[in-house]
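Understanding the architecture of this molecule
Okay, here's what each chain looks like letter by letter:
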Amino acid sequence: MERIPILKMGPFLLVTIQIDLYDRLALTLENDLINMVSQTGARGVLIDISAVSIVDSFMGRILGNIASMSRIMDAETVVVGMQPAVAITLVELGLTLQGVHTALNVEKGMELLNTKLINNWEQDEEEEEDQDDRND
Amino acid sequence: MNTTAQVLEKNKSRILEKWMQNQLSEDSLRDDLMSNEELQRQSKEMLDALLRAISKENYDNIYAIEFEQVTDTLRDISITRARQGFSPRETGAYVLSLKKALSEVLIEERANDPSTLYKEIMDINTLLDNLSIVTFETFIKGREEVILRQTDEISEISTPVIRVWDGILALPIIGTLDSARTQIVMENLLQEIVNTGSNIAILDISGVPAVDSLVAQHLIKTVSATRLMGAECIISGIRAEIAQTIVHLGIDLSNIKTKASLASALQLAFSMTNLEVRKNDKNKGFNIMR
């Protein structure tokens, strides 16, 4: 059975979808990806869909699901390289992918994940400091 | 006794001469749009085809096979005339002056046989009336094509996507936004975002006369699509009355960045991309000297 490879790059996971997703493949991807997040403790997931030209409501929901699941496991999701036609279709379907970050290309997506990581780290730091202050 | 077709065939050159005379004496002759030689050639071609068709003794059904060439030629002529900018009267006069020429020739030829003449004139009238209907149909169709092309052109022209800065696009919308136009605007904008790799798009709606709930919905759709692509969208040029309508209609634009003017939208875009515009202080040297 076909599988979409998931690459680990530092604290991030990188998925490039090179073929049109059918339902079963999308479900497998969702499953694999979440398992991978929990195994590696990744802090960010980057999904490149620049080669996807056909999208339906199911596919849109899967993307939303991946984002929500990753959020629970403390990883941010960025979808990059969406084709104009795909964006128009998703909007017409009423799926605006709330909670999913988007970027124009992989480069900008990585940049976005990095800034998110740094921001989260700073927040954690502050919280810890607050706790330290209270302990003192 | 000769048939109508034979009589007309015999007098072909005379008919052509009369027809040309009729056309040239019309007030509506447009020698600025078409030379007389061209007109002569066109008329001769037309008359040849018509006489060939008439020899089949068919005056009622112009959709019959023998009339194919006549109607084709006629359609050709009226389409070209519609495109060249002839008026309906000028185009109509072309066929109607042929009717006059044919009738005149028949009257001369059948001077001593009124009953045949009457029947022949009736036939010719029916035939040429039908032909003039074809002329008009085609003429109007030609004009409609022109209008359609212009409509397309206007909608193309009216949605330019401008690159105002590296990574910042602006799209001034002028005129009413309907579904078809929103589609074009959205496609143009998204394609341009991909082409230029821009992060920020500014939609300027100062040229939109009125915003109702449908237009607002179209705007929200465009913004969502831009966001899905990974770019930010700012709506600018919101006039006081538009702000009032939006609030009265209860449209929620709270998760969309809106600005009153294109300038302030550009300023926001600069701060989002960490750019800064500073005044170049020319008096710096002078200040240091003091």
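A short tour of the structure in this document, coming up. (Residues numbered from 1 in each chain as written. Chains lettered and ligands numbered in written order. Predicted model: local features only at pLDDT ≥ 70, side-chain atom pairs only at ≥ 80, totals over all residues.)

1. Comments concerning the packing of helix α1 (residues 23-40) of chain A against helix α2 (residues 57-72) of chain A
Residues and elements named next belong to chain A. The following threshold applies: Every axis corresponds to a line fitted to the C-alpha atoms, with the helix fit spanning only the stretch in contact, and the corresponding angles, defined between N-to-C directions, vary from 0 to 180 degrees. Elements are defined by DSSP. Helices are runs of H or I of four residues or more, strands are runs of E of two residues or more, and each kind is numbered from the N terminus. Oblique is the label for any angle not covered by the other classes, which are roughly parallel (under 35 degrees), roughly antiparallel (over 145) and roughly perpendicular (65 to 115). This entry defines residue contacts through backbone-placed C-beta atoms, with two residues in contact when those atoms are within 7 Å. Put simply, Ala, Val, Leu, Ile, Met, Phe, Trp, Tyr, Cys and Pro go in the nonpolar bin, Asp, Glu, Lys and Arg in the charged bin, and everything else, Gly too, in the polar bin.
It is at 10 Å that the axes of α1 and α2 come closest, and there the two elements cross at 10°. Relative to α2, the element α1 is oriented roughly parallel. Here Asp23, Ala26, Glu30, Leu33, Ile34 and Val37 of α1 come into contact with α2, specifically with Phe58, Met59, Ile62, Asn65, Ile66, Met69 and Ser70. Per-class residue counts for the contact of α1 with α2 are nine nonpolar, two polar and two charged.

2. Focus on the nonpolar core
Threshold: Defined on buried residues, the nonpolar core groups Ala, Val, Leu, Ile, Met, Phe, Trp, Tyr and Cys residues joined through C-beta atoms within 7 Å. Residue burial here comes from a neighbour count, namely the number of other C-beta atoms, placed from the backbone, that lie within 10 Å of the residue's own C-beta, with 20 or more meaning buried, 12 or fewer meaning exposed, and in between meaning partly exposed.
In this structure, Val45 and Ala87 of chain A together with Ala201, Ile202, Leu203 and Met229 of chain B are the most contacted members of the largest nonpolar core, which totals 68 residues. Here the element with the most residues in this core is helix α8 (residues 213-229) of chain B; it accounts for seven residues. Beyond its immediate stretch of four places on either side in the chain, Val45 of chain A contacts Leu13, Leu33, Val37, Ile66, Ser70, Ala75 and Thr77 of chain A. Counting 25 residues, the second-largest nonpolar core is a separate cluster that includes Trp19, Leu50, Val105 and Leu128 of chain B.

3. As for the interface of chain B and chain A
Residue-level contacts link 14 residues of chain B with 14 residues of chain A. Among the elements of the structure, α7 (179-196) and α8 of chain B are those that each provide at least two residues to the side of chain B that touches chain A. The element contributing the most residues to the side of chain B that touches chain A is α8 of chain B, with six residues. In terms of residue class, the side of chain B that touches chain A is made up of seven nonpolar, four polar and three charged.

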